[in-house]
Amino acid sequence: MATQQKYKNIRRIENVEANSYGWWVRVRIDGELFSKFFSDNAFNGSGNALRNALEYRDSIKRERGRPHIDTVDPEVHYKGISRIDREIKRTHGWYVRVFYKGQQRVKFFSDMLYDGREGALAAALDFRDEAERELGKPRTDRPVVTVSRRNATGKIGVTRVRRKDRNRKGEVYLRDVYEITWCPRPNEIHRTSVSVRKYGEEEARKRAFMIRDNKEREIFGKVVSQTPSAEELAILDHDELST
C-alpha cells in the first residue's frame, strides 16, 4: 500500500493489489479520532473525492471550534501537475500536462478562479483524470512507458540475454533466454525467463510477450506497451544478425 501526505490530516491511498484508490481523512481533536475514506470510484474521480474529503475534514474542525488554516503543500509532487507561482506576473495555480502515445492535453487552473489552491488543485485533478481516460492512459501515479528505442526486442520489459549456468556435473554452459521484468509495486522488480532452446526463437519470444502483457494487465488494468508487428520483428531480427 502506498500513501503520500498531500494535506494536513489527509493522505492519498493507492492500493494496487486491492484496486483501491482515494483519500483517507484522519482528524484527532481532544483525544477523539475522526476517520473516513473517500474512494475515487465512489465519487467519480480523485478530484471529487478530494473535495469531499476536504469538506469532511473542515466540517469536523468547524463543529469542534478548530477552524482549518492549513494550505496545500506546494512541494508535494503530483503526476502530470505542476505548481506555478510567478509573483511578477501575479500568476498562481496548477499546470496540467498529460502525455500519452504522442498525444497531449494541457490546461492551467488559476487559484483566483477556483477559490484558492485547494479548489484549483481539485479542478486540475479532475481535468487530468478525464484527459487520461480520453487518451486511454491508465490512472496511476507510477510511470507508464509504452515504447523504448533502446530495447532490441521491440517490447518494454522483455530482453533477449545469454546466461551462464551449470549442469549437474558443475560444468558451465551458455543458454539463450527471453527475460521478462515487471514492477508490481514501486521499487520492487520481479523477473522470469523463457528458454529459446526449449521453445525455439519465435515461440519463446511470443511467450515472453504474453507474460509481459499479462503482468501489465495486473498492474495497470490493460496492456500499455506496444508489441512489434511481424514486419518490425523481421527488421529487428535482421539487425541482430548483422551485428
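Residues numbered from 1 in each chain as written. Predicted model: local features only at pLDDT ≥ 70, side-chain atom pairs only at ≥ 80, totals over all residues. Heavy atoms only, no water.

**Quick look at the overall build of the protein**
Part 1 of the reasoning: Within the protein, the secondary structure is distributed over 5 helices and 10 strands.
Part 2 of the reasoning: Buried positions account for 38% of the 243 residues belonging to the protein.
Part 3 of the reasoning: Pairs at least 24 apart in sequence give 43% of the contacts found in the protein among residues at least 6 apart.
Part 4 of the reasoning: With the model as given, the accessible surface of the protein reaches about 15200 Å², and the carbon-plus-sulfur share is 48%. (Helix = DSSP H or I, 4+ residues; strand = E, 2+ residues; numbered from the N terminus. Buried < 20%, exposed > 50% of the residue type's maximum accessible area, 1.4 Å probe, protein only. Contact = heavy atoms within 4.5 Å. Areas by Shrake-Rupley, 256 points an atom, 1.4 Å probe, with all protein chains shown as cover.)

**Details of the sheet that holds strand β6 (residues 91–100)**
Part 1 of the reasoning: Ordered by their spatial adjacency, 3 strands build an open sheet running β5-β6-β7, and the pairing between neighbours is antiparallel. One side of each edge strand has no neighbouring strand; the edge strands of this open sheet are β5 (81–86) and β7 (103–110). Strand-to-strand twist of the sheet, defined as the mean angle between neighbouring strand axes without regard to direction, takes the value 20°.
Part 2 of the reasoning: In the sheet, β5 pairs with β6 via 6 bridges, with the strands oriented antiparallel. Across the sheet, Arg86 pairs through a bridge with Thr91, a residue of β6. (Pairing = 2+ DSSP bridges. Axes fitted to C-alpha atoms, helices over the stretch in contact; angles between N-to-C directions.)

**What to know about the nonpolar core**
Part 1 of the reasoning: Ranked by internal contacts, the top residues of the largest apolar core, which has 42 residues, are Ile10, Trp23, Val25, Leu50, Ile81, Leu121 and Leu125.
Part 2 of the reasoning: When contributions to this core are tallied by element, the ones reaching two or more residues are β3 (20–29), β4 (32–39), α1 (46–63), β6, α2 (117–135), β9 (172–185) and α4 (201–220).
Part 3 of the reasoning: Examining the composition of this core, we find that 8 residues originate from one element, α2, more than from any other.
Part 4 of the reasoning: Here Ile81 is in contact with Trp94, Tyr95, Val96, Leu121, Ala124, Leu125 and Arg128, once residues within four sequence places are set aside. (Core = buried A, V, L, I, M, F, W, Y, C linked by side-chain atoms within 4.5 Å.)

**So, a nonpolar patch on the surface**
Part 1 of the reasoning: There is a patch of nonpolar side chains on the surface, built from Tyr95, Val106 and Phe108 and spanning about 240 Å² of accessible area.
Part 2 of the reasoning: Along the chain, the position of Val106 falls in strand β7.
Part 3 of the reasoning: A relative accessible area of 43% means that Val106 is categorised as partly exposed. (Patch = residues over 30% accessible without salt bridge, like charges linked within 9 Å, V, L, I, M, F, W, Y side chains within 5 Å. Salt bridge = Lys/Arg side-chain N within 4 Å of Asp/Glu carboxyl O.)

**What to know about the layout of surface pockets**
Part 1 of the reasoning: Here the largest pocket defines a volume of roughly 480 Å³.
Part 2 of the reasoning: When the residues that make up the lining of the largest pocket are grouped by side-chain class, the tally is 5 nonpolar, 7 polar and 8 charged. (1 Å grid on protein atoms, 1.4 Å probe; cavity = no way out; pocket = protein on both sides within 12 Å on 5 of 7 lines; lining within 4 Å. Points joined across faces, edges and corners; volume = space filled by probe spheres on them. Nonpolar A, V, L, I, M, F, W, Y, C, P; charged D, E, K, R; others polar.)

**A word on the packing of aromatic side chains**
Part 1 of the reasoning: Per the stated rule, a full pass over the model turns up 4 aromatic pairs.
Part 2 of the reasoning: Geometrically, the ring pair formed by Phe38 and Phe43 is tilted, given 5.6 Å between the ring centres and 40° between the ring planes.
Part 3 of the reasoning: On the accessibility criterion, Phe38 (3% relative accessible area) is buried.
Part 4 of the reasoning: For the pair Phe109 and Phe127, a centre-to-centre distance of 5.6 Å together with 55° between the ring planes defines the contact as tilted. You can see Phe109 sitting in strand β7 and its partner Phe127 sitting in helix α2, a full 18 residues away along the chain.
Part 5 of the reasoning: Its relative accessible area of 22% is what places Phe127 among the partly exposed residues.
Part 6 of the reasoning: A network of ring pairs unites the aromatic residues Phe38, Phe43 and Tyr56 as a single cluster.
Part 7 of the reasoning: In this structure, Arg12 packs its charged tip against the face of Trp23, placed 5.0 Å from the ring centre.
Part 8 of the reasoning: A cation over an aromatic ring shows up here: Arg83 above the ring of Trp94, its NZ or CZ 4.9 Å from the ring centre. (Phe/Tyr/Trp six-rings, centres within 6.5 Å; stacked < 30°, edge-to-face > 60°. Lys NZ or Arg CZ within 6 Å of the ring centre and 35° of its normal.)

**Brief notes about the side chain of Glu132**
Part 1 of the reasoning: Within the secondary structure, Glu132 is located in helix α2.
Part 2 of the reasoning: For Glu132, a relative accessible area of 3% gives the class buried.
Part 3 of the reasoning: Not counting the four nearest positions on each side in its chain, Glu132 is found in contact with Val98, Lys137, Pro138 and Arg139.

**Details of the environment of Leu50**
Part 1 of the reasoning: As for its position among the elements, Leu50 is in helix α1.
Part 2 of the reasoning: For Leu50 and Trp23, which are 27 residues apart along the polypeptide, the C-alpha to C-alpha distance reads 6.4 Å.
Part 3 of the reasoning: If sequence neighbours within four positions are ignored, Leu50 has contacts with Tyr7, Trp23, Ala122 and Leu125.

**Description of the confidence of the model for the protein**
Part 1 of the reasoning: With 84% of its residues at a pLDDT of 70 or more, the protein shows a mean pLDDT of 81.
Part 2 of the reasoning: Note that pLDDT drops below 50 for residues 1–5; the model gives that stretch 15 contacts with residues more than four away or on any other chain. (pLDDT = per-residue confidence, 0-100.)

**What to know about the environment of Gly119**
Part 1 of the reasoning: Following the sequence through the fold, Gly119 ends up in helix α2.
Part 2 of the reasoning: Among the residues examined, Gly119 registers a relative accessible area of 23% and is labelled partly exposed.
Part 3 of the reasoning: Between the alpha carbons of Gly119 and Arg51 there is a distance of 7.7 Å; along the sequence they are 68 residues apart.

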